[in-house]
Each structure stands twice: as C-alpha cells, then as structure tokens.
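# Notes for the structure review
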Amino acid sequence: MSSLEIELFPCLSDNYGLLIHDPESGETAAIDTPEASKIEATCEQRGWSLTQIWNTHHHPDHTGGNLSLKKTHGLTITGPDQIAGRIPGLDKGVSGGDSFMFGAHKVDVIFTPGHTVDHIIYYVADAHDGQGAAFVGDTIFVLGCGRLFEGSPADMYGSMAAIAKLPDSTNLYCAHEYTLSNARFAVTVEPENQDLLNYVKRAKEMREQGLPTVPTTVAMEKKTNPFMRASTPERLGEIRAAKDSF
Ligand code: ZN
Ligand code: FE
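Now for a description of the structure that goes with this document. (Residues numbered from 1 in each chain as written. Chains lettered and ligands numbered in written order. Predicted model: local features only at pLDDT ≥ 70, side-chain atom pairs only at ≥ 80, totals over all residues. Heavy atoms only, no water.)

## As for the sheet that holds strand β6 (residues 92-94)
What the six strands build is an open sheet, ordered β1-β2-β3-β4-β5-β6; its pairing is mixed. With partners counted over all chains shown, the strands left at the sheet margins are β1 (5-11) and β6, one partner each. Between one strand axis and the next, the sheet turns through 20° on average, direction left out of account. Pairing between strand β5 (residues 76-80) and β6: three bridges, direction parallel. When the sheet's bridge partners are listed, G79 is paired in β6 with G93. Contacts from helix α1 (residues 36-46) reach β1, β2 (15-21) and β3 (28-31) within the one sheet, and its direction differs from that of β1 by about 140°. (Pairing = 2+ DSSP bridges. Helix = DSSP H or I, 4+ residues; strand = E, 2+ residues; numbered from the N terminus. Axes fitted to C-alpha atoms, helices over the stretch in contact; angles between N-to-C directions. Contact = heavy atoms within 4.5 Å.)

## Regarding the pattern of salt bridges
Using the criterion set out here, one finds 14 salt bridges in the structure. The shortest N-O distance in the salt bridge between D168 and K222 comes to 2.7 Å. Placement of D168 in the loop between α4 (153-164) and β13 (171-174) and of K222 in helix α7 (residues 218-224) is noted, with a sequence separation of 54 residues between them. For R229, the salt bridge identified is with E190, shortest N-O distance 2.7 Å. (Salt bridge = Lys/Arg side-chain N within 4 Å of Asp/Glu carboxyl O.)

Shown next as structure tokens:
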C-alpha cells in the first residue's frame, strides 16, 4: 500500500498549482488549472499522467488551463455545476455533500460559498494513513480568506465553520501565496495573539528562503486566522471590509 502524493508548484504571479497522485490506481488529478504548461511539466517530471481536473470555482486563474489540458489528455473535469456554463469543459458537476472515489480514497465535496456563490472544496482522507488534505481554492488562505466577490459575510462565516470542522491535522492547500500580506493585516486585528506573532515570524523566514507557506493546517488557522476566529458573521464582515481597504 502506498499513500497519496501531493505536489505543489508556483504558477502565474502568486497562484499554486496542485497535483494529487494515487500510485495504486495511477490516477492523477490537477486541482484547478492556473497554468497548463506548469502542470504538464510537473506531471512529466514525476512521470504521472493527468487523468482528472477538480475545479474549485470558475475564475480564470483556476480554470484557464482546463480546455487545453483536456484536449491533450482526454481527462475528466469535475467542478461546481450550480451555475451552468461557468466551468470550461465540465464533465461531472458536483455540489456540497457529494463524494467520489479517487482510487481507494474517498473525496468529499464541501460547499464553501463566499468568494463565489458556488465555490466548493475537496477533502481527501488517505485510506492508508488517514492523513487529510483539503484543496480549498480561494476560500481560506494562510491567515486570510477570499474576497467576497459574490457571497455575503454570512456565507464565508459558514464556510470557515465547515473548514474548522475538518480534523485539526488536515493540511489545507490554498490556491495563492498571500501569507505575508495577510500577516501584516492579521497582526492589526489580534496584536496580542502570541501564536499569530510566532507564526508570522516563521512565515517571513520561509518566504525569505523561497519556501511556500502552503499547506497550512486546520489547527494552525484556528489559532491564528482572524477570519476563522471571527465570532460572528458581522465581525467577519467587518474585518473583511477592513482588509479590502488595508
Ligand atoms: Zn478566485
Ligand atoms: Fe484565485
């Protein structure tokens, strides 16, 4: 038995490309398609052939590579279908509460509206070692959350709560490296939060060394992320508005 392998690589200006590979079934999924050429190159390096795309939402930096990758690989595209026509090349529409198998591993689809009205995330628990990974798109970032382009503060509050319900050890794979800019804002919200201050110091060091701060974990975000820690939807709305003009 071999566990799932996850590969993260920078794309565009601040996106992360993500691949998940199951050595047993040979399946490989790209979570969103920020940059087709980088996804191809990473698959080639690892000797993986791309069989699936899982989209979190329709924004071009998440679906831009869908059609060209589908053309070359004849793969299956899974994504939200609540609003028809949003996901280029969509084969399999899913929504919150759905699940599907990736080899022997179960993938749960969780509805996380806020950034868009139909945003979804994918939670995979490794069938062998139980380690969880959630591909969270633009819902939660390290120390931050997605902008409310379509949804309300109450939507995002519910989405934060859904992520907080995952096991504490779950690795959260965010779609952007926004950590240092989120950190500058987060310390203005909770200047006394020692876990936050310690983490910000570590994140700065990681970025100086050119390392990604993604993945984070549910446990870490519960201790440090002001949006996950907001006590009410109104409070989340307040700090989201403050961050927008920060
Ligand atoms: Zn987006
Ligand atoms: Fe994005």
